[in-house]
Amino acid sequence: MKNILVTGAVGQIGSELVEKLREKYGNNSVIAAGHKTQPTEGMRKAGPFEFVNILDKEALEKFIVKYNIGTFYHMSSILSAVGEQKPQLAFQVNILGLYNVLEIGLKYKLEKIIIPSSIAVFGPETPRDNTPNETILLPTTMYGITKVTGELLGNYYFRRFGLDVRGLRLPGIISYKTLPGGGTTDYAVEIYYEAIKHKKYTCFVRENTVLPMMYMPDCVKAIIDLADVPLSKLKHHTDFNVTAMSFSAGELADSIKEIIPEFTCEYKPDFRQAIADSWPKSLDDSAAREEWGWKPEYDLPKMTKDMIEKLSPKLKA
Ligand code: SER
């Protein structure tokens, strides 16, 4: 079997995806690639790690040859909030970087490329409740524009060249191992850290802001399950809606209060409110359920319990 490459390996999702893939395929079969941030000692010791710039196509090609890569999990991306502050950078990393990955996929006949998409592909004109898989994609953020482009290009490379590109529209992802960086849904992670450390949090979206969300174990499972399903089962390729739960910022705070009764939350919306308001409240993910058996395990109470249990010792240490 050829090896697996994960870019964005030091990021929120990448770091946990690498761990799971190494458990499944063996430490040395999974090559972790970061951009600038140092990996944890655990990641570096467990298996191969290298720095690579997704915009440096030549370096990336050398990497593919050196490690005999067959499957490429392309996790590096600029998220929505940073993307609004640095739209040119988001365009370069998310579109030019992705184009490099697709072209390398063709040149080196990669077996499979997995590129996550996002709920950011939707926009204000999209129906916001139980948003269908096939619907209006008119995002207002640069991040969303790059993700729609990624979906369309991935589907094009599959139809036109037979390159097996797969992707799923991830909602807000909540986790306790690695912090997210620069997304609109980051409040749903920060709130747990602040609740444990200071018993209070100032949330940057309104109390009644509802978004689709997912706990990291479900997210990693979704990505690997989609990658593993036989190609013949897929009718969609790069654009599966996936969700696990939807809640308002207020409901999230209430679920934490059940365990930490002294916790208080204030709401001071900033520029990220407009981004959140342009995204769906809930998603219809029946295509993912039908085509590759998607089924999440965690709901809000179960996730909150686990987050607080896992984070408390870590933050006290
Ligand atoms: N979590 C991402 C963001 O907020 C959504 O894909 O940017």
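Look above for the structure.
Residues numbered from 1 in each chain as written. Predicted model: local features only at pLDDT ≥ 70, side-chain atom pairs only at ≥ 80, totals over all residues. Heavy atoms only, no water.

1. Focus: the sheet that holds strand β1 (residues 3-7)
Here is step 1: One open sheet holds the six strands; their spatial order is β3-β2-β1-β4-β5-β7, and the pairing between them is parallel. Both edges of this open sheet fall to β3 (49-51) and β7 (165-166), since each of them pairs with a single strand only.
Here is step 2: Contacts between helix α3 (residues 57-66) and the sheet are confined to β1, β2 (30-34), β3 and β4 (69-74), with β4 contributing the most and set at about 135 degrees to the helix. (Pairing = 2+ DSSP bridges. Helix = DSSP H or I, 4+ residues; strand = E, 2+ residues; numbered from the N terminus. Contact = heavy atoms within 4.5 Å. Axes fitted to C-alpha atoms, helices over the stretch in contact; angles between N-to-C directions.)

2. Side note on the site of the ligand
Here is step 1: Neighbouring the ligand are the residues L79, S80, S118, Y143, G183, T184, T185 and W279.
Here is step 2: For the ligand, an oxygen atom lies 2.6 Å from a polar atom in the side chain of S80.
Here is step 3: In this structure, a nitrogen atom belonging to the ligand sits 2.8 Å away from a side-chain N or O atom of T185.
Here is step 4: Alone, the ligand offers 240 Å² of accessible surface; in the complex the protein occludes 93% of this.
Here is step 5: When the residues that make up the shell around the ligand are grouped by side-chain class, the tally is three nonpolar, five polar and no charged. (Near = heavy atom within 4 Å. Polar contact = N/O pair within 3.5 Å; in protein donor to acceptor, adjacent residues only side chain to side chain. Areas by Shrake-Rupley, 256 points an atom, 1.4 Å probe, with all protein chains shown as cover. Nonpolar A, V, L, I, M, F, W, Y, C, P; charged D, E, K, R; others polar.)

3. Notes on helix α1 (residues 12-25)
Here is step 1: Between its terminal C-alpha atoms α1 stretches 21 Å, which fits the 20 Å expected from 14 residues at 1.5 Å a residue.
Here is step 2: Looking only at α1, the buried set comprises Q12, I13, G14, S15, E16, L17, V18, L21 and R22.
Here is step 3: Immediately beyond the C-terminal end of α1, within one or two residues, lies G26, with a positive phi of roughly 100 degrees. (Expected span 1.5 Å × (residues − 1). Buried < 20%, exposed > 50% of the residue type's maximum accessible area, 1.4 Å probe, protein only.)

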